[in-house]
Structures are given as C-alpha cells and as structure tokens.
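Structural characterization, general
Chain by chain, the residues:
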Amino acid sequence: MTLPANPDASTAQPATADLWKPVLVRAAVALGFGAVTVFWAAPSTEVMGWAGGVYLLATGVVLLWSANKTGLRAGSGSSKVLSAAGAVLTGTGAAVGLMSGNLLFGVLAALGLGLAGAAELYLGITNRGRSVLARDWIASGVVGVGTAGLLPFFIDLGPHALLGVAGGGAIISGVLWMLAGLTLRHDARADSAKAVN
C-alpha cells in the first residue's frame with residue numbers, strides 16, 4: 001500500500017458551484033479597503049485602526065466562510081490551515097480596530113497578513129492540481145507576505161504611509177481575487193447550462 005505524497009491528496013474534492021461568492025466578497029472587501037486608503041488624504045491613527053481592523057476582520061470572516069466551499073475535505077490539514085488563517089486575520093483585525101497606535105497597527109497587521117499569507121502559500125503549493133484556487137492562493141500569499149514584510153519599515157511614517165502599504169497590497173490581491181471570482185462564476189454558469197441540456 002502506498003501513501004499519497006500529500007495527506008490531503010486522496011481526499012481532495014472539486015470546488016462547490018458557489019465558491020465564486022466568497023471569492024468575490026473577498027475581492028470587494030480588499031478593493032473597498034484599498035479605495036479608502038487611496039482617497040483618505042490625512043487619516044488619523046484611530047481611522048487607520050478602524051479601517052485596517054475592519055479589513056482584516058472581514059477578510060478573516062470570508063476565509064472562514066469559504067473554508068467549506070473550497071472543495072477541501074472537512075477536517076483535513078488544508079481545511080484546518082485555511083480556517084486558522086481566517087481565525088488569525090479575524091483576531092488581529094479585532095485587535096487592530098480596538099487599539100490604536102502606529103506601532104501596534106504595523107506589528108499586528110504585519111503579523112496577521114504574514115501568517116495568513118504563509119498559510120495561503122502553503123495551501124497553493126500543496127493543492128496544485130487539486131484545487132481551482134491553488135494559483136490564486138499562491139499569488140495572494142505572496143502579496144500578503146510581501147505586504148507584511150514592508151509594513152514594519154513604514155511605522156515611523158505614520159497612518160497615511162501604513163494605510164498606503166496595506167491598501168496597496170489589498171488592491172493587488174483584490175484585483176486577483178476579482179478575476180478568480182468572475183472566472184469561477186462563469187465556469188459555474190457554464191456547468192449549470194450543460195447540466196440543463
């Protein structure tokens with residue numbers, strides 16, 4: 001008896017038809033936050049905390065929502081990693097929103113984005129060929145880890161700079177997730193039309 005190279009390999013399932021919904025919601029959350037960071041010229045520390053906190057929290061909730069829709073077997077290692085990434089973002093988002101300060105924002109946002117990005121990189125690499133989201137997880141993971149790596153260097157520059165870095169990463173990932181969501185939606189409609197015929 002040979003074991004699969006990846007413990008989840010034999011248990012991977014196809015994505016559900018409505019996977020596009022959480023993917024597009026995630027894109028909307030990221031693009032909405034990115035727009036706030038672009039158009040808010042002089043945010044205060046409190047605004048930075050609330051805007052960043054809501055973004056991280058909402059992204060975490062969407063990751064938790066999407067964990068059951070990705071086609072990953074419930075209870076598998078990959079499913080647990082995705083759920084853990086969502087929980088980390090939700091927790092750091094709540095902390096960032098409730099406490100203010102440049103240092104706190106820079107450290108907590110970097111921690112949340114870095115851990116979630118690393119989790120998505122892991123998911124993308126280990127589920128290549130088995131999940132429709134593998135490439136998107138890799139791209140999003142690189143953006144998350146990159147944003148997390150940059151944030152600490154902008155702490156001394158204040159809220160506008162911190163939001164600019166976080167918002168830039170959000171815009172990039174938002175565009176990537178929007179393309180993924182629209183593709184998934186198109187594929188789901190095409191599959192539905194084939195099933196009817």
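Model, not experiment: these values are computed from the prediction. (Residues numbered from 1 in each chain as written. Predicted model: local features only at pLDDT ≥ 70, side-chain atom pairs only at ≥ 80, totals over all residues. Heavy atoms only, no water.)

A few points about the overall build of the protein chain
Looking only at helices and strands, one finds 6 helices and 0 strands in the protein chain. For the protein chain, the N- to C-terminal ordering of α and β elements is α-α-α-α-α-α. Here the protein chain holds 197 residues, and the buried ones make up 44% of them. Pairs at least 24 apart in sequence give 77% of the contacts found in the protein chain among residues at least 6 apart. (Helix = DSSP H or I, 4+ residues; strand = E, 2+ residues; numbered from the N terminus. Buried < 20%, exposed > 50% of the residue type's maximum accessible area, 1.4 Å probe, protein only. Contact = heavy atoms within 4.5 Å.)

Details of the packing of aromatic side chains
Considering all chains together, one arrives at 1 aromatic pair under this definition. Relative to Tyr 55, the ring of Phe 33 lies with its centre 4.4 Å away and its plane at 5°, an arrangement referred to as stacked. In this pair, Phe 33 is assigned in helix H1 (residues 20-39) and Tyr 55 in helix H2 (residues 45-66), connecting sequence segments 22 residues apart. (Phe/Tyr/Trp six-rings, centres within 6.5 Å; stacked < 30°, edge-to-face > 60°.)

Quick notes on the side chain of Thr 147
Note on placement: Thr 147 falls in helix H5 (residues 134-150). According to the relative accessible area criterion, Thr 147 is buried, its value standing at 7%. Leave out the neighbours within four places in its chain, and Thr 147 touches Leu 113, Val 165, Ala 166 and Gly 169.

Quick notes on empty space enclosed by the protein
Considering all chains together, one arrives at 3 cavities of 30 Å³ or more under this definition. Of the voids in this model, the largest cavity is the one considered here, and its volume is about 180 Å³. Along its surface, the largest cavity is lined by 19 residues, and Arg 26, Tyr 55, Leu 113, Gly 144 and Ser 173 are the ones closest to its centre. Among the elements that line the lining of the largest cavity, the one with the most residues is helix H6 (residues 159-196), at 5 residues. Along the lines of polarity and charge, the residues of the lining of the largest cavity split into 10 nonpolar, 7 polar and 2 charged. In this structure, the second largest cavity occupies an estimated 80 Å³ of space. Counting residues per element, the ones that place at least two in the lining of the second largest cavity are H1 and H2. Residues belonging to the lining of the second largest cavity are distributed by class as follows: 7 nonpolar, 1 polar and 1 charged. (1 Å grid on protein atoms, 1.4 Å probe; cavity = no way out; pocket = protein on both sides within 12 Å on 5 of 7 lines; lining within 4 Å. Points joined across faces, edges and corners; volume = space filled by probe spheres on them. Nonpolar A, V, L, I, M, F, W, Y, C, P; charged D, E, K, R; others polar.)

Comments concerning the nonpolar core
Within the largest apolar cluster, 38 residues are counted, with the highest numbers of intra-cluster contacts made by Phe 105 and Leu 151. Looking at this core, the elements with two or more residues in it are H1, H2, helix H3 (77-98), helix H4 (102-126), H5 and H6. Those residues within four positions of Phe 105 in sequence are excluded, and the remaining contacts are Met 48, Gly 49, Gly 52, Val 96, Ala 110, Leu 151, Leu 162 and Leu 163. (Core = buried A, V, L, I, M, F, W, Y, C linked by side-chain atoms within 4.5 Å.)

What about the pattern of salt bridges?
One side chain can pair with another of opposite charge once the charged atoms of both are near each other. Within this structure, the stated rule accounts for 2 salt bridges. The salt bridge partner of Asp 18 is Lys 69, with a shortest N-O separation of 3.1 Å. Residue Asp 18 is found in the segment before H1, and its partner Lys 69 is found in the loop between H2 and H3; the two are separated by 51 residues along the sequence. For Asp 18, a relative accessible area of 24% translates into the label partly exposed. Here Lys 69 falls in the buried class, since its relative accessible area comes to 18%. (Salt bridge = Lys/Arg side-chain N within 4 Å of Asp/Glu carboxyl O.)

As for the confidence of the model for the protein chain
Per-residue pLDDT for the protein chain has a mean of 87; in total, 88% of the residues score no lower than 70. Within the protein chain, H5 carries the highest mean pLDDT (96), whereas H6 carries the lowest (88). Below pLDDT 50 for its whole length, residues 1-14 participates in 15 contacts with residues either more than four positions away or in separate chains. (pLDDT = per-residue confidence, 0-100.)

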